[in-house]
Amino acid sequence: MNKALSSTSEDTSIAAQLKWAASLILSAEVANDTALLDAKILLCHCLQRDMSYLHTWPEKTLEPEQVIQFTELVQQRCQGRPIAYLIGYRDFWTLRLKVSEATLIPRPETELLVESALELSLPDRAKVLDLGTGTGAIALALASEKSDWQVIGIDKSHDAVKLAKQNATENRLDSVRFMQSDWFSKLDKQRFDLIVTNPPYVEDNSPYLQQGDVRFEPLSALISGADGLDDIRFIVVQAKGYLAGAGWLVIEHGFEQDEKIRNIFESNAYVEIRSVSDFNGLPRVTMGKFYENDL
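Residues numbered from 1 in each chain as written. Predicted model: local features only at pLDDT ≥ 70, side-chain atom pairs only at ≥ 80, totals over all residues. Heavy atoms only, no water.

Participant: I would appreciate a short explanation of the overall build of the protein in the present structure.
Facilitator: Along the protein, the regular secondary structure elements total 10 helices and nine strands. Across the 295 residues that make up the protein, the buried fraction comes to 51%. In the protein, of all internal contacts separated by at least 6 residues, the share reaching a separation of at least 24 is 65%. Here the protein has roughly 14,500 Å² of accessible surface; of this, 47% comes from carbon and sulfur atoms. Averaging the coordinates of the 30 positive side-chain charges in the protein and doing the same for the 43 negative ones gives two points 4 Å apart. (Helix = DSSP H or I, 4+ residues; strand = E, 2+ residues; numbered from the N terminus. Buried < 20%, exposed > 50% of the residue type's maximum accessible area, 1.4 Å probe, protein only. Contact = heavy atoms within 4.5 Å. Areas by Shrake-Rupley, 256 points an atom, 1.4 Å probe, with all protein chains shown as cover. Lys, Arg positive; Asp, Glu negative; His and termini not counted. Charge placed at Lys NZ, Arg CZ, Asp CG, Glu CD.)

Participant: How should I be thinking about the pairing of strand β4 (residues 150-155) in this particular structure?
Facilitator: As a general feature of sheets, a regular strand has side chains that alternate between the two faces. Taking burial as the measure, the six residues of β4 include five buried ones, the bulk of the element. As judged from the five bridges shared by strand β3 (residues 127-131) and β4, these two strands associate in the parallel manner. Bridged to L131 within β4 is I154. In this region the chain leaves β3, passes through helix α7 (residues 137-145) and returns to the parallel neighbour β4; the handedness of that crossover is right-handed. Bridging between β4 and strand β5 (residues 177-180) involves four bridges; their strand directions are parallel. Following the sheet pairing, D155 is matched in β5 by Q180. (Pairing = 2+ DSSP bridges. Right-handed = clockwise from strand over helix to strand, strands pointing away.)

Participant: Sorry if this is basic, but what is going on with the sheet that holds β5 here?
Facilitator: Across a sheet, strands are paired by hydrogen bonds formed along the backbone, either parallel or antiparallel in direction. Spatially, seven strands are ordered β5-β4-β3-β6-β7-β9-β8 in an open sheet, and the strand pairing comes out mixed. Each edge of the open sheet carries a strand with a single partner, namely β5 and β8 (271-277). Strand-to-strand twist of the sheet, defined as the mean angle between neighbouring strand axes without regard to direction, takes the value 15°. Pairing geometry for strand β6 (residues 192-197) and strand β7 (residues 243-252), over five bridges, is parallel. (Axes fitted to C-alpha atoms, helices over the stretch in contact; angles between N-to-C directions.)

Participant: Please clarify how helix α10 (residues 258-267) should be interpreted in this entry.
Facilitator: In an α-helix, one turn spans 3.6 residues, which is why side chains three or four residues apart end up on the same side. Every buried residue of α10 is accounted for by D258, I261, I264 and F265. Seen along its axis, α10 keeps its buried residues to an arc of 120°; they face one direction. Summarising the geometry of α10, the exposed residues directed more than 90 degrees from the buried face are E259, K260, E266 and S267. On its buried side, α10 packs onto α9 (230-239), β7, β8 and β9 (283-291). At the C-terminal side of α10, A269 shows a positive phi close to 70°. (Arc of directions from axis to C-beta.)

Participant: How should the packing of aromatic side chains be read in this particular structure?
Facilitator: Geometry of an aromatic ring pair is reported as the spacing of the ring centres plus the angle between the planes. The final tally for this structure, using the stated rule, is four aromatic pairs. On the basis of an interplanar angle of 70° and a centroid distance of 6.0 Å, the ring pair of W20 and F70 is categorised as edge-to-face. With W20 in helix α1 (residues 14-28) and F70 in helix α4 (residues 64-78), the pair connects residues that are 50 residues apart, well separated along the chain. Of the two residues, W20 and F70, both sit in the buried class. Ring centres 4.6 Å apart and planes at 15° place the aromatic pair F184 and Y242 in the stacked group. In this pair, F184 is assigned in the loop between β5 and β6 and Y242 in the loop between α9 and β7, connecting sequence segments 58 residues apart. According to the relative accessible area criterion, F184 is buried, its value standing at 5%. Under the relative-accessibility criterion, Y242 is labelled buried at 7%. An aromatic cluster is present here, built from F265, Y270 and F290 joined pairwise through their rings. Note that K127 overlies the ring of F192, its terminal NZ or CZ placed 5.6 Å from the centroid. (Phe/Tyr/Trp six-rings, centres within 6.5 Å; stacked < 30°, edge-to-face > 60°. Lys NZ or Arg CZ within 6 Å of the ring centre and 35° of its normal.)

The values are spatial; any link to function lies outside them.
Dropping the structure here:
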């Protein structure tokens, strides 16, 4: 074990270990704003306790094996490894989702897509398709709010589909179907009232790819051509053949891409096109409606 990343203190109390870990994570400059929170999450994982336990029993002494496990996790965090991969899950919406290196880690900003979809006027038993479902986060969040919706999630990764199915079972949302498909390739000519997607939208040469958690996430789920819009262009065109009546397509994207994406929607005869901004005023979701008769 790297000596620099080992606890040099003989104090193995919760308070001392948290102080040591937060200082080390901070010095590694991987989580300047969340170093203490990261340390608490990792220690909760080691102890199999919630955050209140740390606050209630700061003087509690860790067992030797807990110290070893905690030290190893802190070391990996200092190397930049995402918290979600270290503990094996990420909370999203009202759900706890397993994660793996086969999928992107669900992010809070994706909840804006879920909120935007739920606000649409759709049939009571709407048919919904989640493209590139990953962990199943979007599909499962929608199903958790709309039990009568018929939700399907697809992903080209076999491992992602397997993980999404596990998340459905653990969250008691077994009505959601998941299947392997490279975008629409394995779907028959079904029609959906709503298609949602958080597709790859990062430019191939973006410096963002060398920062933070994305360094450890699957590149294929991130990049999409020189301008980051190759997959979105494909989806907007192809979705027209899978939308029923006045069906909606809702897409998450980068905060500087909204104008170009609205233009893509418009050039493909979508109507009621609009973008939705997050709490910081950044446009992160764009949607449009397509009338089947316009094909």
